[in-house]
Amino acid sequence: MTNSKPPLPVPSLLRITSELFPRPMACMSRLRVHKSLALLTRDSINSPVVLHSDHCAEKLLPWFDGMLEADEEYYKVHREPLFSSHMLDLSEESKEKNIATCVKYFKRMAPMGLWLEMEIGITGGEEDGVDNTGVDNSSLYTQPEDVYDVYGALSEISPNFSIAAAFGNVHGVYKPGNVRLHPELLAKHQAYAKQKIGGKLELPL
């Protein structure tokens, strides 16, 4: 008797394999499983699939090294990396260390066409073992100068990056009024970059 249930979507498949291949198992086998599932799904539905690794803090950089090694090995054979993009979340570190580390890894990622997402500024709340519930509110808002410094450093390597700037966003559930979002700050980042660059682009970032 055939199984009439529809195939699991990619997020469910990846969640299952994450349970089957938990840390501290070496990430190489786990990455190959994820990639294989993604490729099978992509081929079956004739649709592109994007694989992104999220929020890698400094303590997880050895895992990041392992993912890039897997990307490079896969790229040599298939001319595409295992992942589509990676995120470095070094927002707990100094701005100088954050940017320098991102530059180091981005130089390695760029030849493979990998996208880098980096975080500058602290996201409140708790995620992945990083607890920012007690930080000062002023730390939850990234300054335009910080965003531009990131842009200046990474744009010299490749255009394939994005900047996760904090505008009061937090992880978790909070009572109404306890979270004050200021997305208008993102427009100020654009205006500052436009002034510094001196170009005609309204949205240079």
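Our subject is the structure listed above.
In this numbering scheme, every chain counts its residues from 1 along its sequence in written order. For a predicted model such as this one, the threshold for reporting local features is a pLDDT of at least 70, and the threshold for listing and counting side-chain atom pairs is 80 or more; totals across whole chains, interfaces and linings nevertheless cover every residue. Heavy atoms throughout the structure, all of them, feed into the side-chain values; hydrogens and water do not.

A.B. asks: I'd love a proper account of the overall build of the protein, names of residues and values included.
C.D. replies: When helices and strands are tallied, the protein shows 6 helices and 6 strands. We count a stretch as a helix when DSSP gives it H or I for four or more residues in a row; a strand needs E for two or more, and each element gets its number in order from the N terminus. Reading the protein from its N end, one meets helices and strands in the order α-α-β-α-β-α-β-β-β-α-β-α. Burial statistics for the protein: of 205 residues in total, 39% are counted as buried. Any two residues whose heavy atoms approach within 4.5 Å are treated as being in contact. Restricting the contact set of the protein to residue pairs at least 6 apart, pairs at least 24 apart contribute 67%. Element-wise, carbon and sulfur atoms account for 55% of the exposed surface of the protein, whose accessible area totals about 12,300 Å². Buried residues are those whose accessible area, probed at 1.4 Å on protein chains only, stays under 20% of the maximum for their type, while exposed residues exceed 50% and partly exposed ones sit between those limits. A 1.4 Å probe and the Shrake-Rupley method give the accessible areas. Residues count as covered only by the protein chains that appear here.

A.B. asks: Summarise helix α3 (residues 61–78); cite the residues concerned and give the values.
C.D. replies: Over its 18 residues, α3 runs 25 Å from end to end, which matches the ideal 26 Å to within 8%, given 1.5 Å per residue. Along α3, the residues classified as buried are Leu-61, Phe-64, Gly-66, Met-67, Leu-68, Ala-70, Asp-71, Tyr-74 and Tyr-75. Positive backbone phi, at 60°, marks Arg-79, one or two positions downstream of α3. Multiplying 1.5 Å by the helix residue count minus one yields the expected span of that helix.

A.B. asks: Quick rundown of the packing of helix α4 (residues 95–109) against helix α5 (residues 144–154)? Include the residues and the values.
C.D. replies: It is the contact of α4 with α5, at a shortest axis distance of 10 Å, that shows an interaxial angle of 25°. Here α4 is positioned roughly parallel relative to α5, judged by the angle of their axes. For α4 against α5, the interelement crossing comes out right-handed. On α5, the residues touching Lys-95, Ile-99, Cys-102, Val-103 and Phe-106 of α4 are Asp-146, Asp-149, Val-150, Ala-153 and Leu-154. Axes, fitted as lines to C-alpha atoms, cover a helix only where it is in contact. Angles between the N-to-C directions of the axes lie from 0 to 180 degrees. For classification purposes, an angle smaller than 35 degrees is called roughly parallel, one larger than 145 roughly antiparallel, one from 65 to 115 roughly perpendicular, and anything else oblique. By definition, turning the near helix anticlockwise from the far helix through less than a right angle yields a left-handed crossing, and turning it clockwise yields a right-handed one.

A.B. asks: Hey, could you go over the packing of α5 against helix α6 (residues 184–197) for me, with residue numbers and the actual values?
C.D. replies: Packed helix pairs are characterised by how far apart their axes lie and by the angle those axes make with each other. One way to put it is that α5 packs onto α6 with a least axis distance of 9 Å and a crossing angle of 55°. Considering their axes alone, α5 and α6 lie oblique with respect to each other. Judged by the twist between their axes, the crossing of α5 over α6 is right-handed. Taking contact as the criterion, the partners of Pro-144, Glu-145, Val-147, Tyr-148 and Tyr-151 in α5 are, on α6, Lys-188, His-189, Tyr-192, Ala-193, Lys-196 and Ile-197.

A.B. asks: Help me get a handle on the sheet that holds strand β3 (residues 115–120), residues and values and all.
C.D. replies: Taken in spatial order, the 4 strands line up as β1-β2-β3-β6 in an open sheet, and their pairing is parallel. Every other strand in the sheet has two partners, leaving β1 (52–56) and β6 (161–165) as the edge strands with one partner each. Here the average twist between neighbouring strands, direction ignored, is 15°. Pairing between two strands requires that DSSP report at least two bridges joining them. Note that strand β2 (residues 85–88) and β3 share 4 bridges and pair parallel. Residue Met-87 lies in a different strand from β3, and its bridge partner there is Glu-117.

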